[in-house]
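So you can see what is in the structure, the chains are spelled out below.
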Amino acid sequence: MTDGGKGTQDDFLHLDGYHYERLHRIRAEGRGEKYQYFAAVTAYQLARWYDHNRFCGHCGSRMEMGSREREMICPNCGNPVYPKIMPAVIVAVTNGDRILMTKYRNRGIGYYALVAGFVEIGETFEDTVRREVMEETGLTVKNIRYYKSQPWGIADDLLAGFYCDLDGDDAIRMDEEELSEAAWFERGQIEGQPDHLSLTNEMMLTFRDGREPSGGEGRGF
Ligand SMILES: [Zn+2]
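Residues numbered from 1 in each chain as written. Predicted model: local features only at pLDDT ≥ 70, side-chain atom pairs only at ≥ 80, totals over all residues.

Colleague: Looking at this model, I keep getting lost on the overall build of the chain. Mind explaining?
Modeller: Looking only at helices and strands, the chain has 4 helices and 9 strands in total. If you line up the chain on its principal axes, its C-alpha atoms span 55 × 40 × 30 Å. Expressed as a percentage of its 221 residues, the buried residues of the chain come to 20%. (Helix = DSSP H or I, 4+ residues; strand = E, 2+ residues; numbered from the N terminus. Buried ≥ 20, exposed ≤ 12 C-beta atoms within 10 Å, placed from the backbone.)

Colleague: Looking at this structure, how should I read the sheet that holds strand β2 (residues 72-73)?
Modeller: Strand pairing in a sheet is mediated by backbone hydrogen bonds. Such pairs are either parallel or antiparallel. Spatially, the 3 strands line up as an open sheet ordered β1-β2-β3, and their pairing is antiparallel. Two strands in the sheet have a free side with no partner beyond their single neighbour: β1 (64-65) and β3 (80-81). Two strands pair when backbone bridges link them, and β1 and β2 are joined in this way by 2 bridges, in the antiparallel orientation. Within β2, the position partnered with M65 by the bridge is M72. (Pairing = 2+ DSSP bridges.)

Colleague: Teacher, can you tell me more about the domain arrangement of the chain here?
Modeller: As a measure of interface size, the accessible area lost when the parts come together is often cited. For the chain, the domain assignment lists domain 1 (9-81) and domain 2 (86-208). One C-alpha centre belongs to domain 1, the other to domain 2; they are set 29 Å apart. Counting residues at the interface gives 10 residues for domain 1 and 6 residues for domain 2. Elements supplying a minimum of two residues to the side of domain 1 that touches domain 2: α1 (23-29) and α2 (34-52). No other element matches the 7 residues that α2 contributes to the side of domain 1 that touches domain 2. Residue composition of the side of domain 1 that touches domain 2, grouped by class: 5 nonpolar, 3 polar and 2 charged. (Domains from an automatic or database assignment. Contact = placed C-beta atoms within 7 Å. Nonpolar A, V, L, I, M, F, W, Y, C, P; charged D, E, K, R; others polar.)

Colleague: Can you walk me through helix α4 (residues 199-208) in this structure?
Modeller: Each full turn of the α-helix corresponds to 3.6 residues, which orients residues three or four apart in the same direction. For α4, every residue scored as buried is listed here: L199, T200, M203, M204 and F207. All buried residues of α4 project into a common sector of 140° when viewed along the axis, lining one side. On its buried face, α4 is in contact with β4 (86-95), β5 (98-104), β7 (141-152) and β8 (157-166). Residue G210 follows α4 closely and has a positive phi angle near 70°. (Arc of directions from axis to C-beta.)

Colleague: Can you walk me through the nonpolar core in this structure?
Modeller: Soluble globular proteins tend to bury their nonpolar side chains together. Judged by nonpolar contacts, the single largest core of 27 residues is most densely connected at V91 and V93. In this structure, V93 is in contact with I99, L100, V115, V133, L139, V141, C164 and L166, ignoring residues within four places of it in sequence. (Core = buried A, V, L, I, M, F, W, Y, C linked by C-beta atoms within 7 Å.)

Colleague: Looking at this structure, I do not really get the environment of N53. What am I missing?
Modeller: Along the polypeptide, N53 turns up in the loop between α2 and β1. Each C-alpha atom of the pair N53 and I73 lies 9.5 Å from the other, and the pair is 20 residues apart in sequence. Discounting residues that sit within four places of it in the chain, N53 has contacts with M63, M72 and V81.

Colleague: Where do I start with the environment of L158 in this structure?
Modeller: With respect to the helices, strands and loops of the structure, L158 is situated in strand β8. Counting along the chain gives 70 residues from L158 to A88, while the straight-line C-alpha distance between them is 6.1 Å. When neighbours within four sequence positions are excluded, L158 is seen to be in contact with I85, P87, S149 and P151.

Colleague: Quick question: what am I supposed to make of unusual backbone geometry here?
Modeller: With glycine set apart, most residues show a phi of negative sign, and most peptide bonds adopt trans. Positioned with a positive phi, N143 is a non-glycine residue whose angle comes to about 50°. Counting through the fold element by element, N143 comes out in strand β7. Of note, D156 is a non-glycine position whose phi angle comes to about 60°, a positive value. Given 15 C-beta atoms within a 10 Å radius, D156 is considered partly exposed.

Colleague: Would you take a moment to explain the confidence of the model for the chain for this structure?
Modeller: Any residue range with low pLDDT should be treated as having predicted coordinates unsuitable for detailed reading. Of all residues in the chain, 90% attain a pLDDT of 70 or more, and the chain-wide mean is 89. For the chain, α1 is the element with the lowest average pLDDT, namely 78, and β4 is the one with the highest, namely 98. (pLDDT = per-residue confidence, 0-100.)

Colleague: Can you help me understand the pairing of β4 in this one?
Modeller: Look at any regular strand and the pattern is simple: side chains alternate between the two faces of the sheet. Relative to β8, β4 runs parallel, the two sharing 9 bridges. Residue pairing for β8: V91 is matched across the bridge by F162. Sheet topology places β4 next to strand β6 (residues 115-118); 4 bridges connect them, and they run antiparallel. Among the inter-strand pairings, A88 is bridged to a residue of β6, identified as F118. Examined bridge by bridge, β4 and β5 share 2 bridges and lie antiparallel to one another. Its bridge partner being in β5, T94 is matched across the sheet by I99. Connecting β4 to the next strand, β5, in antiparallel fashion are 2 residues, including G96 with a positive phi near 65°.

Structure, rendered in structure tokens:
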């Protein structure tokens, strides 16, 4: 359950031995293993998806669960609907021993993060990396190289993390609507986030420790 949900506990299934807990509390209190947190988030993502796909978007009939795979299917027109997964990128822009870190302006997140954004229709991941870095900071990048991915079900995301190198001028022109801060930091200046759940945090600490995938001319995209 999230704090933003309008439902009450009476709207939900109850099973002996189980109870509902708010996701932000599970995260804040750091209970359980990392995989348990991600299982809970995935359960929340699925529950929300079922709730939001009760009727066919094409003909308005009541949807039914598919019998062969995880899908909702319209018994009238055959329209299948699959779980909503939105691809997004996290980008670590590096320039030698410096990394670009940012703070969001209006999301209530007080710590540093990396450039991030959703893939738009028709884009490759590499296009998204270049566009988001340009939009948020005015910088041009090269040698884009994939690191790893992470589901982030609270926002229906599948995050793909990339490292890339600055290409040319390092002067930042920040998007002031999106960000409150964007700056270069040396490896030794990097402080991690309060917990170790996010791929963003892992990528920042990996760079701090000099373990990022190597770049150089002629590699990456
Ligand atoms: Zn239909």
